[in-house]
Amino acid sequence: MTDTDPRRPTLDEIHAARERLAPHLARTPLIHLDLGLPDRKIFLKLETLSPIGAFKIRPALNAVLTRDAADLRNGVATVSSGNMAYGLAWAARHAGIPMAAYMYADAPKAKIEGVQKLGGQVRFISHEAWWQYITDAERPDLTELLINPVTDQAVLTGNGTIGMEIVEDLPEVDCVLTPYGGGSLTSGVASAVKALRPEAKVFAVEGEHAAPVTAALAAGRIVGVETTPAFIKSIGGPSLLPKMWPLVRDLIDGTAVVTLAQVVEAMRLLFASAKVVAEGAGAAALAAAMSNPHATGNVVCIVSGGNIDAEDYMQVLRGEIPSA
């Protein structure tokens with residue numbers, strides 16, 4: 001992890017990242033989901049169709065490809081609730097280097113096993129230690145190059161490629177909804193969208209179980225929030241990361257908070273109407289698109305990932321909210 005604060009990536013940097021990733025990753029599609037709503041036309045950016053089933057492969061691979069060989073001589077490591085670890089394991093295998101992930105033990109099994117199957121080493125830590133590592137309050141003692149899954153500049157730039165593709169495929173986009181975890185997806189996407197289509201609105205989608213962006217915008221500063229356990233593991237935290245607050249504050253137009261029941265409904269709708277399997281965070285944007293009054297016109301939902309444990313998904317298809 002670096003000590004520099006992340007900044008808004010430029011369009012030239014995002015374009016370079018897309019050119020860097022293009023030989024290795026196929027472009028994900030943007031499809032129309034016809035729900036017959038009178039004031040909005042909903043589109044899905046299907047990051048579930050990436051090689052790891054989640055958008056994190058873009059920032060992970062960009063972070064590896066932009067490093068000098070000397071920096072990578074001992075391999076790479078990251079701190080992750082699942083998908084960044086999965087993405088970095090894929091990128092490390094592609095580069096032929098070792099990889100380790102610091103994860104908590106109750107992360108989705110599908111993500112833990114995905115990392116391991118790609119040759120990555122999983123090092124389990126407590127939720128408290130995980131948060132300390134994410135925020136740079138503490139750092140693990142390791143030999144690998146540690147890539148922060150949120151604040152690393154190459155991570156932000158890699159995420160910006162999603163926003164660039166959205167505007168290219170839908171030049172008249174009016175609203176983009178992004179699930180908000182640490183903020184790198186939202187900030188990266190918004191950087192590209194706002195540069196290419198300034199009139200488009202970008203909203204950060206949070207769950208009712210933890211909504212730190214909503215609280216920060218209301219207070220005008222970072223504040224701690226109460227969190228409750230939920231089956232959605234990739235979004236929500238006790239507060240915003242301090243390094244991300246200036247970017248988030250300047251780039252987004254607001255937030256949309258969804259309930260766990262709305263997310264389950266969106267997951268079922270994605271399966272029934274589009275044959276798309278989405279994890280909770282991946283369906284959160286669609287849940288917001290169907291319920292938020294500000295999501296009008298041409299609305300793009302970033303379906304960020306589909307890595308959900310089979311037992312949880314069976315509950316969702318039955319209309320039940322999985323346990324935390």
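Structure shown above.
What counts, and at which threshold
- Residue positions are given per chain, counted from 1 along the sequence in the order it is written.
- Local features in this predicted model are restricted to residues whose pLDDT is 70 or higher, and side-chain atom pairs enter the listing and the counts only when it is 80 or higher, whereas totals over whole chains, interfaces and linings include all residues.
- For side-chain calculations, the full set of non-hydrogen atoms in the structure is used, while hydrogens and water are omitted.
- What makes a nonpolar core is a set of buried Ala, Val, Leu, Ile, Met, Phe, Trp, Tyr and Cys residues whose side-chain atoms join them at distances within 4.5 Å.
- We call a residue buried when its accessible area falls under 20% of the maximum for its residue type, exposed when it is over 50%, and partly exposed in between, using a 1.4 Å probe and counting protein chains only.
- Helix numbering and strand numbering both begin at the N terminus, where a helix is a DSSP run of H or I of at least 4 residues and a strand a DSSP run of E of at least 2.
- Throughout, a contact is declared for two residues whenever any of their heavy atoms are within 4.5 Å.
- In the analysis that follows, any N or O atom pair within 3.5 Å is treated as a polar contact, provided that within protein one partner can donate a hydrogen and the other can accept it, and provided that, for residues neighboring in sequence, both atoms belong to side chains.
- Pairing between strands is defined by DSSP: at least two bridges between the two strands are required.
- This arc is built from the directions going out from the helix axis to the C-beta atoms.
- Orientation is described by axes fitted as lines to C-alpha atoms, over the contacting stretch for helices, and by angles from 0 to 180 degrees between their N-to-C directions.

Trainee: Quick question: what am I supposed to make of the nonpolar core here?
Mentor: Nonpolar side chains tend to gather and get buried jointly when the protein is soluble and globular. Membership of the largest hydrophobic core comes to 74 residues, with the highest contact counts inside it found for M99 and V176. In terms of residue count, the dominant contributor to this core is helix α3 (residues 83–95) (eight residues). Contact partners of V176, with chain neighbours within four places excluded, come to I166, V189, V193, K201, V202, F203, V300 and I302. Within the second largest apolar cluster, 38 residues are counted, among which are A256, L270, A289 and I308.

Trainee: Looking at this structure, how should I read the side chain of T186?
Mentor: For T186, the location among the structural elements is in helix α7 (residues 184–196). For T186, a relative accessible area of 0% gives the class buried. Looking at T186, its side chain comes within polar contact range of the side chain of T178, at 2.5 Å. Aside from chain neighbours lying at most four places away, what touches T186 is T178, P179, Y180, A204 and I252.

Trainee: Explanation requested: unusual backbone geometry in the structure shown.
Mentor: Unusually for a residue other than glycine, K275 sits at a positive phi of about 55 degrees. Counting through the fold element by element, K275 comes out in the loop between α10 (260–274) and α11 (280–291).

Trainee: I tried to follow the pairing of strand β10 (residues 297–303) on my own but got confused; where do I start?
Mentor: Remember that side chains alternate between the two faces of the sheet whenever the strand is regular. Most of β10 sits out of view: six of its seven residues are buried. Two strands pair when backbone bridges link them, and strand β2 (residues 40–46) and β10 are joined in this way by seven bridges, in the parallel orientation. Across the sheet, the residue bridging to L44 is C301, located in β10. Both strand β7 (residues 175–179) and β10 contribute to a ladder of three bridges, which runs parallel. Paired with V176 across the bridge in β10 is V300.

Trainee: Help me out: how do you make sense of helix α4 (residues 109–117) in this one?
Mentor: It helps to recall that an α-helix has 3.6 residues per turn; residues three or four apart then point in one direction. Looking at α4, one finds that the buried residues are K111, I112, G114 and V115. The arc that holds every buried residue of α4, seen down its axis, measures 160 degrees, which confines them to one face. The elements touched by buried residues of α4 are α3, β4 (99–104) and β5 (121–125). At the C-terminal side of α4, G119 shows a positive phi close to 95 degrees.

Trainee: Even after reading the chapter, I still don't get the sheet that holds strand β6 (residues 145–147), so can you show me in this structure?
Mentor: Paired through backbone hydrogen bonds, the strands of a sheet run either parallel or antiparallel to each other. With parallel pairing, the four strands of this open sheet are ordered in space as β5-β4-β3-β6. Edge positions in the open sheet fall to β5 and β6, since each of these has one partner strand only. In this sheet, neighbouring strand axes are inclined to one another by 25 degrees on average, regardless of whether the strands run parallel or antiparallel. Bridging between strand β3 (residues 76–79) and β6 involves three bridges; their strand directions are parallel. Directly across from V76, in β6, lies its bridge partner L145. Contacts from helix α5 (residues 127–134) reach β3, β4 and β5, with the element oriented near 125 degrees to β4.

Trainee: Sorry if this is basic, but what is going on with the sheet that holds β10 here?
Mentor: Within the open sheet, the six strands sit side by side as β1-β2-β10-β7-β8-β9. Their pairing is mixed. Whereas interior strands pair on both sides, the edge strands pair on one side only; in this sheet they are β1 (30–33) and β9 (254–258). Averaged over all pairs of adjacent strands, the angle between strand axes in this sheet comes to 30 degrees, irrespective of strand direction. Across four bridges, β1 lies against β2 in antiparallel orientation. Note on β2: the bridge partner recorded for L30 is K45. Set on the sheet, α7 makes contact with β7, β8 (201–207) and β10; between it and β7 the angle comes to about 165 degrees. Sheet strands in contact with helix α8 (residues 212–219) are β8 and β9, and its direction is about 140 degrees off that of β9.

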